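Here is what each chain is made of, one letter per residue.
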Amino acid sequence: LRVSLEIIQEEGYLDAQFETLSPKDIIKYFNGYTQCDLTLKVKLGKKFIYSGLLINGLVETKREVVVREVRLEKDDKISLKTLSLIQNRLRSLGIFGTVNIKPLALASNENYTDSALLITLTEKDSGVAEIAPGYRTDLGLKLSASVRLNNIHGLNRSLGFKGQVNRRLFAKYLH
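Residues numbered from 1 in each chain as written. Predicted model: local features only at pLDDT ≥ 70, side-chain atom pairs only at ≥ 80, totals over all residues. Heavy atoms only, no water.

Some points on the packing of aromatic side chains
Right, on to step 1. According to the stated counting rule, one finds one aromatic pair in the structure shown.
Right, on to step 2. On the numbers, 5.0 Å between centres and 40 degrees between planes, the contact of tyrosine 29 with tyrosine 33 is tilted.
Right, on to step 3. Using a relative accessible area of 47% as the deciding quantity, one classes tyrosine 29 as partly exposed. (Phe/Tyr/Trp six-rings, centres within 6.5 Å; stacked < 30°, edge-to-face > 60°. Buried < 20%, exposed > 50% of the residue type's maximum accessible area, 1.4 Å probe, protein only.)

Structure, rendered in structure tokens:
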């Protein structure tokens, strides 16, 4: 039943649902229980069609970064798989802490619903600095430092620097 519903939702009928899940309404046995008919009655609802994009939560990131990852054209169908792919692409950028996507009905007729995708995001911090002092038995004292800037100019570009210095404490390691 789940797979059947997923196939229908992949065609853009996101609100599709079965009219009944009662086994007596779905399965009809005959010929002494050796054969059966399966009848699945589905309320399709309306087909969701992409007509635009609404984005909440952008502070530093440019709108074009999100638009680039949506990859939908006007009048494309919206499916659960499409929503999941967009969400995964946005998360994989590494600049957003949370990504939520929801179709928002704008206009409707008897067959389909023009829908905008409402994308709500929270951005991660754009800079990281680390200092790591330590001691190694083979090198002696050490100090590591790194600086990383993410999402430079809001275009998901990054720049990083990492360095380490050591101070030997014993001359025997110089041989």
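Digging into the sheet that holds strand 9 (residues 140–149)
Right, on to step 1. Judged by pairing direction, the sheet is antiparallel, and its three strands sit side by side in the order 8-9-10 without closing on themselves. Edge strands, defined here as strands with exactly one partner in the open sheet, are strand 8 (127–136) and strand 10 (159–167). Neighbour-to-neighbour, the strand axes of the sheet open up by a mean angle of 10 degrees, direction not taken into account.
Right, on to step 2. Pairing analysis gives 10 bridges linking strand 8 to strand 9, with the strands arranged antiparallel. When the sheet's bridge partners are listed, proline 133 is paired in strand 9 with leucine 143. (Pairing = 2+ DSSP bridges. Helix = DSSP H or I, 4+ residues; strand = E, 2+ residues; numbered from the N terminus. Axes fitted to C-alpha atoms, helices over the stretch in contact; angles between N-to-C directions.)

Structural notes on helix 3 (residues 63–70)
An α-helix turns once every 3.6 residues. As a result, residues three or four positions apart point the same way.
Right, on to step 1. For helix 3, the full list of buried residues reads Val65, Val66, Glu69 and Val70. Down the axis, helix 3 shows its buried residues gathered within 140 degrees of arc, on one side only.
Right, on to step 2. Packing partners of the buried residues in helix 3 comprise strand 5 (47–56), helix 4 (80–92), strand 6 (96–108) and strand 7 (112–123).
Right, on to step 3. Backbone geometry just downstream of helix 3 places arginine 71 in the positive-phi region, at approximately 55 degrees. (Arc of directions from axis to C-beta. Contact = heavy atoms within 4.5 Å.)

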